[in-house]
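Report on the structure
Residue strings, one per chain:
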Amino acid sequence: MQPFAGLAGIAGIGMTELSRRSGRTEEELAVAACRTACQDAGIAPGEVDAVLSYHLGDSAPVTQVSRALGIERLGWHNDIAGGGTQAASILGSAAMLVHAGLARHVLIYRALNGRSGRRMNTVSTGPEEEVTQRYGMAGPIPLFALAATRYLHDTSLTAEHLHAVVAQSRDNAKANPRALRREPLSWEEYLGRPYVCTPLRTVDCCQETDGACALLVSATLPGPRIHAVVRGGGPGCSTMSTAPDVSAIFSAYVAPMLWDASGMRPSDVDTALLYDAYSWLVPRQLEDFGLVRRADLGDYLLGRHHAWVNPHGGLLSEGYVHGLNNVAQAVRELRAGKQVALVTGFGASYGSAALLTS
């Protein structure tokens, strides 16, 4: 058991409308979501004594947001560089602050104009990309598409199984008023959608979204407890030139760490909020976390037995706030009666996972 297990709870959640053109700055989005999270927790923003956020140079800094919230005496604060890898592990950062006695109320937010502003699925630039772009690896989608090709081959999964993931995501989103995609997706409609990079069609890729999400983690207020958080990774689909398995994502490395750190088993999880940036990542995580055996994945997906995963539609259908919206949904599920929630976040073969309890 980690020393901070159970000491901090998520007492408040807040989200803005998710859209493709917010008409607001990232600061305005962040402040709105943070105010809602504080209100949901029953405290004033001025009572917050720590603020954390993560971004890829596309959000408002914590000092700026804190000032706009009226937090006059800001304690521990941090702008963490990173994207989806932080979605779960930032909960660990907050819980450690509580355990160390450095904060009572920790505000976490992620805000971005991911559609009308800086978009994620664009060509990356840097020393590594100068090499990979020569081979068509221009941005994240080609990288994950190559890894997907290997994974589908190794598991004998096909486009029919990818469709099952996306179609179930749409079905789950039907009753979610926040979701950007709520319409059903038939097999014929799926096949009619163009490829972005084989085997990934447009609908196999997550949303590009404007919006913000915030959480209020507290040492004293009631709310679902942060039970265990792990972070790590290894060679895989982000280091393809040296990786023994290019399809290995973060879950191949952090899943054993999570079960060791938590004292729990896969059978304890009754709601899973999996980072579904691309459709094939759902079966990969189900397998890695021990929720479904590889040999059973095909029938499991076609039988729609994965309907319990991302009951709000996930990143594929609700929207993309770099995974923090999945954490907010985990809180909703635990408030509604679920007992143990698994939440994940990653970028390629590095990432994090957390277990929350009611």
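Scroll up to find the structure.
Notes on the structure in this doc start here.

Cut-offs applied
Residues numbered from 1 in each chain as written. Predicted model: local features only at pLDDT ≥ 70, side-chain atom pairs only at ≥ 80, totals over all residues. Heavy atoms only, no water. Helix = DSSP H or I, 4+ residues; strand = E, 2+ residues; numbered from the N terminus. Rg over C-alpha atoms; globule rule 2.2 N^0.38 Å. Contact = heavy atoms within 4.5 Å. Areas by Shrake-Rupley, 256 points an atom, 1.4 Å probe, with all protein chains shown as cover. Lys, Arg positive; Asp, Glu negative; His and termini not counted. Charge placed at Lys NZ, Arg CZ, Asp CG, Glu CD. Buried < 20%, exposed > 50% of the residue type's maximum accessible area, 1.4 Å probe, protein only. Pairing = 2+ DSSP bridges. Core = buried A, V, L, I, M, F, W, Y, C linked by side-chain atoms within 4.5 Å. Expected span 1.5 Å × (residues − 1). Phe/Tyr/Trp six-rings, centres within 6.5 Å; stacked < 30°, edge-to-face > 60°. Axes fitted to C-alpha atoms, helices over the stretch in contact; angles between N-to-C directions. Parallel < 35°, antiparallel > 145°, perpendicular 65-115°, else oblique. Left-handed = near helix turned anticlockwise from the far one by under 90°. Nonpolar A, V, L, I, M, F, W, Y, C, P; charged D, E, K, R; others polar. Salt bridge = Lys/Arg side-chain N within 4 Å of Asp/Glu carboxyl O. Polar contact = N/O pair within 3.5 Å; in protein donor to acceptor, adjacent residues only side chain to side chain.

Before going further, it helps to spend a moment on the overall build of the protein chain. Along the backbone of the protein chain there are 12 helices and 11 strands. Here the C-alpha atoms of the protein chain give a radius of gyration of 19 Å, agreeing with the 21 Å that 2.2 N^0.38 yields for 358 residues. For the protein chain, restricting intrachain contacts to residue pairs at least 6 apart in sequence, the fraction spanning at least 24 positions comes to 78%. Counting every atom, the protein chain has about 13800 Å² of accessible surface; 51% of that belongs to carbon and sulfur. Charge centroids of the protein chain, computed over 30 positive and 33 negative side chains, lie 3 Å from each other.

Let's shift gears to unusual backbone geometry. The amide bond that connects Thr198 to the next residue, Pro199, takes the cis arrangement and shows omega of 5°. Note that Pro199 resides in the loop between strand S5 (195-197) and strand S6 (200-201). Of note in the backbone geometry, Arg304 takes a positive phi value of approximately 60° without being a glycine. Secondary-structure assignment places Arg304 in the loop between helix H10 (297-302) and helix H11 (314-317). We note that His322 has phi near 50°; this positive angle belongs to a residue other than glycine.

The next subject is the pairing of strand S11 (residues 350-357). Of all eight residues making up S11, seven are buried, and the element is well covered by its neighbours. Pairing geometry for strand S10 (residues 340-347) and S11, over eight bridges, is antiparallel. From the neighbouring strand, Val340 faces S11, where its bridge partner is Thr357. Between S10 and S11, which pair antiparallel and follow one another directly, the connecting turn spans two residues, one of which, Ala348, has a positive phi of 65°.

This brings us to the nonpolar core. Tyr278, Trp280, Leu286, Phe289 and Leu342 are the most contacted members of the largest nonpolar core, which has 58 residues in total. Sorting elements by how many residues they give to this core places helix H5 (residues 140-155) first, with seven residues. In contact with Phe289, other than residues within four places in its own chain, are Phe250, Ser251, Val254, Ala255, Leu258, Trp259, Pro266, Leu342, Thr344 and Ala353.

In a regular helix each residue adds 1.5 Å, so 12 residues correspond to 16 Å; helix H12 (residues 324-335) covers 17 Å between its end C-alpha atoms and thus fits that length. Here H12 has its buried residues at Leu324, Asn325, Asn326, Val327, Ala328, Gln329, Ala330, Val331, Glu333 and Leu334. The positive-phi residue at the C-terminal boundary of H12 is Gly337, with phi of around 125°.

Let us now look at the packing of aromatic side chains. Describing an aromatic ring pair means giving the distance of the ring centres and the angle of the ring planes. Across all of its chains, the model carries eight aromatic pairs by this definition. Judged by centre distance (6.3 Å) and plane angle (65°), the ring pair of Phe144 and Phe346 falls under edge-to-face. Here Phe346 lies in strand S10 and Phe144 lies in helix H5, a separation of 202 residues in the sequence. For the pair Phe144 and Phe346, one class covers both residues: buried. Centre to centre, the rings of Tyr151 and Trp280 are 5.5 Å apart; their planes meet at 45°, and the pair counts as tilted.

Glancing now at the packing of helix H1 (residues 26-41) against helix H2 (residues 62-69). The interhelical angle for the contact between H1 and H2, taken along N-to-C directions, is 60°, at an axis separation of 10 Å. When the axis of H1 is compared with that of H2, the two are oblique. Taken as a pair, H1 and H2 cross one another with a handedness that is right-handed. Residues Glu27, Ala30, Val31, Cys34 and Arg35 of H1 lie in contact with H2, whose contacting residues are Gln64, Val65, Ala68 and Leu69. Residue composition of the contact of H1 with H2, grouped by class: six nonpolar, one polar and two charged.

With the rule as written, the count across this model stands at 12 salt bridges. Residues Glu208 and Arg115 are paired through a salt bridge, measuring 3.2 Å at the closest nitrogen-oxygen approach. Of this pair, Glu208 sits in the loop between S6 and strand S7 (210-218) while Arg115 sits in the loop between strand S4 (105-113) and helix H4 (127-132), and the two are 93 residues apart along the sequence. With a relative accessible area of 33%, Arg115 lands in the partly exposed category. By sharing partners, the salt bridges in this structure join Asp171, Lys174 and Arg304 into a single network.

Below, the discussion takes up the environment of Gln329. Looking at the element boundaries, Gln329 is found in helix H12. Looking at Gln329, the relative accessible area reads 6%, which means it is buried. Put simply, Gln329 and His99 are 230 residues apart on the chain and 24 Å apart in space, counted from C-alpha to C-alpha. Among residues more than four places away in sequence, those in contact with Gln329 are Arg178, Leu273, Pro311 and His312. In this structure the side chain of Gln329 is engaged in a polar contact, spanning 3.2 Å, whose partner is the side chain of Arg178.

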